[in-house]
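Observations on the three-dimensional arrangement
Take a look at the letters that make up each chain.
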Amino acid sequence: MKKISTALLFFLCLGCSQNVTQQERTTTTNTSTPPTTTASAAPAKDPEMDRFVSDLLAKMTLEEKIGQLNLAAIGFDVTGPVVSENVDENIRKGNVGGVFNTFTPVAARKLQEFAVNNTRLKIPLLFGYDVIHGHRTIFPIPLALSTSWDMNVIEQSARIAAEEASADGLNWVFSPMVDIARDARWGRISEGAGEDPYLGSEVAKAMVRGYQGDDLASSNTVMACLKHFALYGAAEAGRDYGTTDMSLQRMYNEYMPPYKAAIDAGVGSVMTSFNDINGIPATGNRWLMTELLRDTYGFDGFVVTDYTAINEMVAHGMGTEAEAGELALKAGTDMDMVGEVFLKHLGKSVKDGKVTEAEVDLACRRILEAKYKLGLFEDPYRYTDEARPAATIMKPEFIEASRDIARKSMVLLKNSKNTLPLQQRGSIALIGPLANRQREMIGNWSAAGDWKQAVSLEQGIRNVVGNKVKINYAKGANIADDEQMLKRLNAHGGELDIDSRSSETMIQEAVRVARSSDVIVAVVGESQGMTGEAASRADITLPGQQLELLKALKKTGKPLVVVLMNGRPLALQWEEQNADAILETWFAGTQGGNAIADVLFGLYNPSGKLTTTFPQVVGQVPLFYNHKNTGRPFGGELLDKYKSRYLDVTNEPLYPFGFGLSYTTFSYGTLQISKTTISPTESLEVRVEVRNSGSYDGEEVVQLYIQDLVGSISRPVKELKNFQKIALKKGEARTVTFTITPGDLKFYNYALEHVLEPGDFKVFVGTNSRDVQEVAFRVQE
Ligand code: BGC
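Residues numbered from 1 in each chain as written. Predicted model: local features only at pLDDT ≥ 70, side-chain atom pairs only at ≥ 80, totals over all residues. Heavy atoms only, no water.

Naming follows an unreviewed UniProt entry, where the protein chain appears as Periplasmic beta-glucosidase of Pontibacter qinzhouensis.

Close contacts around the ligand come from 14 residues, with D130, R188, H228, D306 and E533 the closest. The side chain of E533 places a nitrogen or oxygen atom 2.8 Å from an oxygen atom of the ligand. For the ligand, the accessible surface in isolation is 310 Å², of which the surrounding protein chains cover 99%. Here the residues of the shell around the ligand sort into seven nonpolar, two polar and five charged. (Near = heavy atom within 4 Å. Polar contact = N/O pair within 3.5 Å; in protein donor to acceptor, adjacent residues only side chain to side chain. Areas by Shrake-Rupley, 256 points an atom, 1.4 Å probe, with all protein chains shown as cover. Nonpolar A, V, L, I, M, F, W, Y, C, P; charged D, E, K, R; others polar.)

Turning our attention to the sheet that holds strand 5 (residues 225-229). What the three strands build is an open sheet, ordered 5-6-9; its pairing is parallel. Edge positions in the sheet fall to strand 5 and strand 9 (302-304), since each has one partner strand and no second. Recorded for the sheet is a direction-independent mean angle of 30 degrees between the axes of neighbouring strands. The pairing of strand 5 with strand 6 (residues 269-272) spans three bridges and is classified as parallel. Pairing of L226 across the sheet is with V270, part of strand 6. (Pairing = 2+ DSSP bridges. Helix = DSSP H or I, 4+ residues; strand = E, 2+ residues; numbered from the N terminus. Axes fitted to C-alpha atoms, helices over the stretch in contact; angles between N-to-C directions.)

Model confidence for the protein chain is summarised by a mean pLDDT of 93, while 94% of its residues fall at 70 or above. Scored below 50 in pLDDT, residues 76-82 shows 16 contacts in the model against residues more than four places distant or in partner chains. (pLDDT = per-residue confidence, 0-100. Contact = heavy atoms within 4.5 Å.)

This brings us to helix 11 (residues 257-264). Spacing of three or four residues puts side chains on the same side of an α-helix, whose turn is 3.6 residues. Counted residue by residue, helix 11 has six buried out of eight residues, so it is predominantly covered. Tucked into the core, helix 11 has its buried residues touching helix 9 (197-212), strand 5, helix 10 (248-255) and helix 12 (286-296). Once helix 11 ends, the next one or two residues include G266, with phi positive near 95 degrees. (Buried < 20%, exposed > 50% of the residue type's maximum accessible area, 1.4 Å probe, protein only.)

Attention now moves to the packing of helix 3 (residues 47-59) against helix 16 (residues 357-373). For the pair helix 3 and helix 16, the least separation of the axes is 10 Å and the interaxial angle reads 130 degrees. It follows from the interaxial angle that helix 3 and helix 16 lie oblique. Relative to helix 16, the crossing made by helix 3 is right-handed. Residues E48, M49, D50, F52, V53, S54, L56 and L57 of helix 3 pack against D361, C364, R365, L368, E369, Y372 and K373 of helix 16. Within the contact of helix 3 with helix 16, the residues separate by chemical class into eight nonpolar, one polar and six charged. (Parallel < 35°, antiparallel > 145°, perpendicular 65-115°, else oblique. Left-handed = near helix turned anticlockwise from the far one by under 90°.)

Turning our eyes to something else, we now look at the environment of N467. Relative to the helices and strands, N467 resides in the loop between helix 19 (457-465) and strand 13 (470-474). Taking relative accessible area as the criterion, N467 reaches 82% and is therefore assigned exposed. Along the backbone, N467 and G426 are 41 residues apart, and their C-alpha atoms lie at a distance of 9.9 Å.

Its domain assignment divides the protein chain into domain 1 (6-32 + 46-373), domain 2 (406-620) and domain 3 (666-779). Here the C-alpha centroids of domain 1 and domain 2 sit 36 Å apart. Facing 42 residues of domain 1, the contacting portion of domain 2 comprises 37 residues. Taken together, the two surfaces of domain 1 and domain 2 that pack against each other cover about 2,800 Å², and 59% of this comes from carbon and sulfur. Three residues, I138, T147 and R185, lead the burial of domain 1 against domain 2; their summed loss comes to 20% of the area buried on that side. For the pair domain 1 and domain 2, the number of links is one salt bridge. Residue R188 pairs with E533 through a salt bridge whose shortest N-O separation is 3.6 Å. Inspection of the region where domain 1 meets domain 2 yields 22 residue pairs in polar contact (both at pLDDT 80 or more). Here the side of domain 1 that touches domain 2 takes five residues from helix 7 (residues 142-147), the largest share from any one element. (Domains from an automatic or database assignment. Buried area = accessible area lost by both parts, 1.4 Å probe. Salt bridge = Lys/Arg side-chain N within 4 Å of Asp/Glu carboxyl O.)

Spelled out as structure tokens, the structure:
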């Protein structure tokens, strides 16, 4: 029997606060002890920094301290309803700790000079920005980066982004987003690393390393911001900003690992999430922001809210704006993004005794420490060297890296009869609303990226094959037909040109073009604005008439290659059954067109693997591979009614997590295990020979999953615990060895203790989460 203890106490504590008044809530909520035994110590503070910041704080007035807690947005490219007013004036008054949405060394220097020359204590500003998948050189969207399963290139993308951002006057980036997402309807699934906590943790670490390097004070590194803390990706019904209500066991085991990994990697700042968590918005949730984040995980940087998240606590039902500010500060939130609640109300809250000056000091100290770590007190102009952009931004090796990373992120979903790679001869019917789009290539959250510098697929094909292939183009369909949706997309930078011809006319033209060509390359999917923030979709099939277009093209009998551009898993049943080949290219970045052409013509052999499950139909979501079993699992017994299943669709995904094909084939030898019984402190090895048995050189992601067969709480049917991406020449074989450590077998039990429970385990190794071999082992007490 395994232990159950303090978790129940915690749930009771959460329940206690439900009937108290607002006044009581301000002082009594969220004070429960986190029921966990895995506290990590915060790193020891640099004593010199401590002395410097203490001396500075001692000189500051309350108003000056509150000013540091304010992050002001400057007038363009905003993502929310409020833009701070009179920023210059506010900086002069000492009312601003940092600004965002401003870049270029000239602009940043101008504002920094306001702050340094016109304020009493000359405290420099932070300059933050949404550098999400590249700054000026845009890389594939984060979901696509994760499908490379290549931590080196992911780190390299963040390193290049940091080089460019820091050359452009920035010292702080609002990335990485590490929210686990299992619901394909949620638009922001495009911004993270998918559904898996282990892979998500590896990506989180790589991103933090890439941005921050070894020395935050160096002029070519930037402070990263982990977001969105926490559980933002678990929004109810996949609707953005939605509520999250989740057991602590699921939270700790399945959603928190990537946040913790980024903190362990030393991330300098954390952004709160918009959602409420088990009844309390994250921004005002003391248990989350102090007890878990700081006391348990040992985070010692500063916390910034998401955009106006304190103001939004009013709509969450947490009280007035002033009360929301008090809750947020007490919870451990340090900096207020754009909403100016701290600026407007905190002085009075201190006077009224609702918060203490010591609480303001603590928040201010953390922000000053960040500035110290970035080297800003030593040199406020460290990131404003006007000579750097010309030598750094979009330099040839960055552009080359963007092409290489894009190729590595593409996932080959189907390739019957070796339709791909295409021959460099004859003619191609290049059809579809995305075939010549540059704007879509750089995806959403490509804030400082210039889509006019992006390579469309049409251009990419011309670049790669020149005149050897004749390209016959037809648009074939609009990206969507719903007028409201189109209006909305274009109101937010969609740049979509809508063809006024009827869909019949467009399809007929495309069919004509297809008939006169050797092969059809249909480039279909979503517009970039259909994913990202506030871009949830209830129907995740191809929008508009694109499926009708594909059906008409199929009837021509020509080989049909579907090139997908999209930011979420789509429901692609017809496409899977009818296309000859399907290549998932996501939104591939500045060099997207060249990179896709490289893959289509076999200059690069695709190696990406899905990091989110693709469902057959939207009604299956949330659908993820690492689910629990039920007491009545469905094993295919069609007439057995009382099973966990749907009447109208099987439980299987269309494409499982970890899935992705190659132009070559890989054959796996028999899985070997070094020991079948170990003690709780021992490790063991599993080994498998992988052979490139096809006719192209290629890369394979060998994946290792574990199942804990009996636990004190139910355990997932499979959990990714390791992987290796290996390159094999055709005919080459290699033995891949994995070590399974006691840490790989641990999980958070009902009492939220991180434990290894002896008993029977299975280990699975294979090419994706479905197609695996298994061996068993036992951990003996
Ligand atoms: C988003 C954040 C982003 C912030 C600043 C918010 O709406 O949720 O991810 O960093 O805006 O632009």
